[in-house]
Amino acid sequence: MSTDTVWFRPPPRPSHTPQPPEQPEPASVDLTIDGQAVRVPADWTILQACGSLGIDTPTLCYLENLTPVNVCRICVVELAGARTLVPACSRVVEPGMDIRTDSPRVRLSRKMVLEFLGSSVDLSTAPQAQAYAARYGACPERYGQPHAPSGPGERDAREPGHHHAPDGSAAETVAQPVKVDNDLYIRDYGKCILCYKCVEACGTDAQNTFAIAVAGRGFDARISTEGNVPLPDSACVYCGNCIGVCPTGALMFRSEFELRKQGQWDESRQTRTDTICPYCGVGCTLSLHVQDNRIVKVTSPLDVEVTHGHLCIKGRFGFEFVHGGDLKADANPEG
Amino acid sequence: MDLHFHGPKPTAAEQAAVDSVLGPPTSAWAGGARNIEDEGHITLLGGHAARSRRDLLLPALHAVQSRFGWVPPGAVDYICRRLTVPPAEAHGVVTFYHLFSLEPRPSAVVHVCDDIACRIKGAERLCDELEHSLGPEREGHWKRSPCLGCCELAPAALALDAGESPRATALAPATHADIMGLRTSGEERHDSFESLRRSVPQCGDPKLRLLGRIGQIDPESLDAYRQSGGYTALGRAIELGPEGVIREVLASKLMGRGGAAFPTGRKWDAVAKAPARPHYVVCNADESEPGTFKDRVLMEGDPFAVIEGMTITGFATGSERGYLYVRGEYPLATRRMRLAIEAARAAGLLGANVMNAGFTFDVELRSGAGAYICGEETALFNSIEGKRGEPRNKPPFPVHVGLFGKPTVVNNVETLVNIPLIVSLGGEGYARVGTPGSSGPKLFCVSGNVARPGVYEVDFGISLTDLIAQAGGVPDGKAIRAVLLGGAAGMFVGPDKLDVSLTFEGTRAAGVTLGSGVVLVFDESVDLGDVLARIAAFFRDESCGQCVPCRVGTVRQEELIQRLRSGQPIGSRDDEASLLKEIGQVMRDASICGLGQTASNAIESALATLDPIPEGKSSR
């Protein structure tokens, strides 16, 4: 050791608060919506741009936490220069777009989509769709008497291609018996508008289980497990994320289904309490829907970063212990 | 991906059928034996490799279907294991195509076309006879089918025989005796190429540019093709270079012949300039539009021209791989195209270093499995990729994001057959043929009540009247009731509008469409209400079911037509007419793809001017 020179000297303390490095301004796009000029980020969809102006665009198959599939076509808007209407949920904004969201063409298409759904699907547990139907003056009755419901498994067995020609005296529907094959949730495909959300949530958008997919073709298209087996035989892991995204109540907690059947389901008597799931360290937010001091349903808010609305089987369905069954009997089942 | 299998184990025969397409399994991941030395004790190799072959799902399902006559659950599970496809998704794919069955079926099934052209040529009588001899349709020995693309020889049937050496035979004109004879003989039927002359009434005319070889030379002989001038255009294209070829195609003003009439040169230019790689060429040979059969005749009669057109396309757009998607109902076209691909490959005209010019291009043939919608370009991509044939939303367009997400040029068979002609004549020379707005020769599929139905090659500009006259006019001195122009997705033309000029601009001015070149003639004896009901049923059957306007709209449209036919409208007939307008409007405005957007065209055009379902004449 020859000298006492310090071989490392820390840099002087900054005299000002450090700032993040400068980011380039996100590119933005100018467009016109209903006559109003608006500037939005270049990667926004028309739906987002409409939202920024406070325009309420109806959607059924769209959800913030899923990839847009643009199949319900209720969010269509009129784009100047385009031959057809365009779906707001998936179409990304382009410079100079001139969009009308409430033109006669748009209103007609939205009304007809709602009439088509209302005349073929049971929308009784889809308040949002009912509200849209009222807004656009949809009249599903004008297609005639609904056809008699199909028998159990009948729609699932339909093959693509030729069908029996109707005589036009009744309007074809997807009405069919409810599928009740497990204790956790039911599938009432008479209420299914085929929005693809459950398939997306079961697949790459959330769960990566791929237990269900769209099968069949045309009006006979339906959601199905592999080979149409009951859920307990399928790949389903009962995360319930399909229930969480279903917009029409076609997928429903067994508890809700039974209460509805008994005429006991009453949302005005329900409270909703947000808490953290007790099962593991991830810390998912649970919303407990409680009626008459019993948990009747569990959801998770879409805007929570931990879950984005998705849960697993434990958080979704593992709440029975709260109701405090007979602990002794649980611990010692033999008596 | 944690896949769940619960079904029966595949039998040895099922495994063999699948392995005939996929090859033997190479790892435990793909359902083979576990090789500890390679894979170790913990990992399973091959997940990514297996998933990357998902596009073999359809070929594997075809192998199983044609081996057993149906798709047994054990075979589906085995395919899923091999390719790492979730079984639920495979179920969705199998149930999408009407040539696959998940229920056991007889090994021999006759598909009988009861679509528009065959209907007016006795298809119903044929169905009645088959019901008498083979039992009711639900027993599965025979089945009604949408248009089989043999309208010039109607009525048509397709006999499929599953087994170790499966057979597929198209019969047209099909008689009851022919069908029964084929079932008992058990022999493969070989049509000579001369029989194609029945489909090309102009055969032998030296002025033919696109149909010149059909029925004249052996379509299975590469030498015959080359002796008749084949492959000189590819040589010339190589001299011009890729940019030069695109320049000629742009100058030719060639418009796509599949129905949408998009300028081919612009499509090519966009793909050639797209930075993403690789690029793909797709030949859309999923010709399923009722009344259309030109692509079948081209593939059966001049398969090398299709290959040469594809090769020039690949050369010009910088693509090394082409896919030829032939509809599953065209057994002879499939066989001849396959032979042509093999012969071209053996002669160094496909593969690495084509014509020793230093570029690579090869073609793979894929078969459809019975779905009209797969003729829509993005549905076709999904079908090749092993998914349900549901159209994608556009934009992005295929020239940027196409097959496997890469820039793709997709052209119809007839479009591609024009390419060697353009290269030979030069773009400007080609543009002088036809009219200024519609260049080149055009094929028309003339069928129905005419004396000489078939594919006709004419220069753009001929009038509908002259074309029908060229086909011998309406026989038996009957008057024309209507003409369906452009197929089921096209429009009806009444007798007052027969002077329409058959060009893109002429039909547009007349408010009709050229579509894929269908000219289906109906004489006064035809019940147009019955034809409309068939068109409505067709769209209800063939809608993919993805979007609401088309999925439900096609059903409501069919119900409405049937109410009119049975004389029981809801409200007045005028109420029904305005309801149909609204149904048509939402399908046209809000459907994802062209199927829904055109599903009411023919029906609305007929109801507007032709009074196809006269009041008080209930047909039931």
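Residues numbered from 1 in each chain as written. Chains lettered and ligands numbered in written order. Predicted model: local features only at pLDDT ≥ 70, side-chain atom pairs only at ≥ 80, totals over all residues. Heavy atoms only, no water.

Q: Before we move on, can you summarise the interface of chain A and chain B with the specific residues and values?
A: Contact with chain A, which involves 62 residues of that partner, is made by 62 residues of chain B. When the two sides are added together, the surface that chain A and chain B hide from each other amounts to roughly 5000 Å², 55% of it contributed by carbon and sulfur. Considering only the side of chain A, the residues that lose the most area to chain B are Phe116(A), His162(A) and Arg217(A), jointly responsible for 15% of the buried surface there. The interface formed by chain A and chain B holds six salt bridges in total. For the salt bridge of Arg540(B) with Asp220(A), the shortest nitrogen-to-oxygen distance reads 3.9 Å. (Contact = heavy atoms within 4.5 Å. Buried area = accessible area lost by both parts, 1.4 Å probe. Salt bridge = Lys/Arg side-chain N within 4 Å of Asp/Glu carboxyl O.)

Q: Go over the domain arrangement of chain B with me, naming the residues and quoting the values.
A: Residue and element names in this part refer to chain B. The domain boundaries assigned to chain B delineate domain 1 (12-94), domain 2 (108-184), domain 3 (222-431), domain 4 (441-523) and domain 5 (528-609). When each unit is reduced to the centre of its C-alpha atoms, the spacing between domain 2 and domain 4 is 27 Å. Of the residues lining the interface, six residues belong to domain 2; the matching set on domain 4 comes to nine residues. Roughly 590 Å² of surface becomes buried between domain 2 and domain 4 when both sides are summed, with 75% attributable to carbon and sulfur atoms. Looking only at domain 2, the three residues that lose the most surface to domain 4 are Ile 116, Ile 120 and Glu 152, adding up to 68% of its buried area. Counting every contact that joins domain 2 to domain 4 gives zero salt bridges. At the junction of domain 2 and domain 4, the tally comes to one residue pair in polar contact (both at pLDDT 80 or more). Residues belonging to the side of domain 2 that touches domain 4 are distributed by class as follows: four nonpolar, no polar and two charged. (Domains from an automatic or database assignment. Polar contact = N/O pair within 3.5 Å; in protein donor to acceptor, adjacent residues only side chain to side chain. Nonpolar A, V, L, I, M, F, W, Y, C, P; charged D, E, K, R; others polar.)

Q: So what's going on with the sheet that holds strand E1 (residues 108-113) of chain B? Residues and values would help.
A: All names here are of chain B. In spatial order, the strands read E2-E1-E3-E4; together these four strands make up an open sheet with mixed pairing. Strands with a single pairing partner mark the edges of an open sheet, and in this sheet they are strand E2 (142-145) and strand E4 (167-171). Taken over all neighbouring pairs, the strand axes of this sheet differ in orientation by 20° on average, direction set aside. Running over the sheet, helix H9 (residues 176-185) touches E1, strand E3 (157-161) and E4 and is turned about 165° from E4. (Pairing = 2+ DSSP bridges. Helix = DSSP H or I, 4+ residues; strand = E, 2+ residues; numbered from the N terminus. Axes fitted to C-alpha atoms, helices over the stretch in contact; angles between N-to-C directions.)

Q: Provide a residue-level description of empty space enclosed by the protein, including the pertinent values.
A: A full pass over the atoms with the stated rule returns 12 cavities of 30 Å³ or more. Size it by volume and the largest cavity reaches roughly 320 Å³. Where the lining of the largest cavity is concerned, the elements lending two or more residues are E3, E4, helix H13 (294-301) and helix H15 (331-346) of chain B. Its residues assigned to classes, the lining of the largest cavity shows 13 nonpolar, five polar and nine charged. A domain split of the lining of the largest cavity shows at least three residues from each of domain 2 (108-184) and domain 3 (222-431) of chain B. Of the volumes computed, that of the second largest cavity is approximately 130 Å³. Arg155(A), Val174(A), Cys192(A), Leu194(A) and Ala221(A) are, among the 16 residues lining the second largest cavity, the residues nearest its centre. Here the lining of the second largest cavity is composed, by residue class, of 11 nonpolar, two polar and three charged. Residues lining the lining of the second largest cavity come from more than one domain, with at least three contributed by each of domain 2 (108-143) and domain 3 (174-327) of chain A. (1 Å grid on protein atoms, 1.4 Å probe; cavity = no way out; pocket = protein on both sides within 12 Å on 5 of 7 lines; lining within 4 Å. Points joined across faces, edges and corners; volume = space filled by probe spheres on them.)

Q: Quick rundown of a nonpolar patch on the surface? Include the residues and the values.
A: All names here are of chain A. A contiguous nonpolar surface patch, about 310 Å² in accessible area, is contributed by Tyr 279, Phe 321 and Val 322. Relative to the helices and strands, Phe 321 resides in the loop between helix H7 (313-317) and helix H8 (327-331). Among the residues examined, Phe 321 registers a relative accessible area of 53% and is labelled exposed. (Patch = residues over 30% accessible without salt bridge, like charges linked within 9 Å, V, L, I, M, F, W, Y side chains within 5 Å. Areas by Shrake-Rupley, 256 points an atom, 1.4 Å probe, with all protein chains shown as cover. Buried < 20%, exposed > 50% of the residue type's maximum accessible area, 1.4 Å probe, protein only.)

Q: Describe unusual backbone geometry, and please don't skip the residues or the numbers.
A: Here the residue pair Lys394(B) and Pro395(B) is connected by a cis peptide bond, since its omega of 0° sits within 30 degrees of zero. Relative to the helices and strands, Pro395(B) is located in the loop between helix H16 (377-384) and strand E8 (408-412). A positive phi angle is found at Arg73(A), which is not glycine, with a value near 65°. Position of Arg73(A) among the secondary structure elements: in the loop between helix H1 (46-52) and strand E3 (76-79). Look at Arg73(A) and you get buried, because its relative accessible area is 3%. Non-glycine residue Asn356(B) carries a positive phi angle of around 55°. Classification of Asn356(B) as exposed rests on a relative accessible area of 69%.

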